Amino acid sequence: MQFITLNEKEYPIKFTYSALMELERKQKKSFNEIAAALGTGNMTLLIEIAHAGLRTGGRIHNKNFTMKLEELGDILTPESLMEITELFGESFAPKVVQTEEEIAAQENKEIKN
């Protein structure tokens, strides 16, 4: 579980598929559409992403997150919003796993070059 500090208070934050479902319902968009819109600077989307992760983190950690979107928007900073969007991206980015043979082949290729 990860935590984020907002307004000098620490909150659990977690991005799961239930957080995605909540976000898709609010935005009326698919995950792919949401991911594509991340770089557009849509503040409503960014605050809803933060809200979904904080609500999920609170539920998992048995600490209900009851703050409204507007209240959250009032205490977010550019730094905290960037940290949250990075956590969101990392939570759903595919993990690259290499076998020992692939690693050895890559190392041999680098040595030859």
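Residues numbered from 1 in each chain as written. Predicted model: local features only at pLDDT ≥ 70, side-chain atom pairs only at ≥ 80, totals over all residues. Heavy atoms only, no water.

Participant: Explain the overall build of the protein chain to me, using residue names and the numbers behind them.
Facilitator: Counting secondary structure elements, the protein chain contains six helices and two strands. Here the protein chain holds 113 residues, and the buried ones make up 34% of them. Long-range pairs, those at least 24 residues apart, make up 60% of the contacts in the protein chain between residues at least 6 apart in sequence. A total accessible area of about 7,800 Å² is found for the protein chain, and carbon and sulfur atoms account for 51% of it. (Helix = DSSP H or I, 4+ residues; strand = E, 2+ residues; numbered from the N terminus. Buried < 20%, exposed > 50% of the residue type's maximum accessible area, 1.4 Å probe, protein only. Contact = heavy atoms within 4.5 Å. Areas by Shrake-Rupley, 256 points an atom, 1.4 Å probe, with all protein chains shown as cover.)

Participant: Break down a nonpolar patch on the surface for me, citing the residues and quoting the values.
Facilitator: Together, Met1, Phe3 and Ile60 give the surface a local cluster of nonpolar side chains, amounting to about 270 Å² of exposed area. For Ile60, the position within the fold is in helix α3 (residues 43-60). Given the relative accessible area of 45%, Ile60 is considered partly exposed. (Patch = residues over 30% accessible without salt bridge, like charges linked within 9 Å, V, L, I, M, F, W, Y side chains within 5 Å. Salt bridge = Lys/Arg side-chain N within 4 Å of Asp/Glu carboxyl O.)

Participant: Any details on the pattern of salt bridges? Residues and values, ideally.
Facilitator: What the rule picks out here adds up to two salt bridges. For the salt bridge of Glu22 with Lys26, the shortest nitrogen-to-oxygen distance reads 3.3 Å. Linking Glu22 with Lys26, this pair stays in helix α1 (residues 17-27), spanning four residues, or about one helical turn. Between Glu22 and Arg55 there is a salt bridge, and its shortest N-O distance comes to 3.1 Å. Of the two residues, Glu22 is situated in helix α1 and Arg55 in helix α3; the sequence distance between them amounts to 33 residues.

Participant: How would you sum up the nonpolar core? Please name residues and give values.
Facilitator: Within the largest apolar cluster, 27 residues are counted, with the highest numbers of intra-cluster contacts made by Leu6, Phe15, Leu54, Leu72 and Leu76. Listing elements by their share of this core, those giving two or more residues are β1 (2-6), β2 (9-13), α1, α2 (31-37), α3, α4 (69-75) and α5 (78-92). (Core = buried A, V, L, I, M, F, W, Y, C linked by side-chain atoms within 4.5 Å.)

In short, the description is geometric, and any link to function would need to be established separately.
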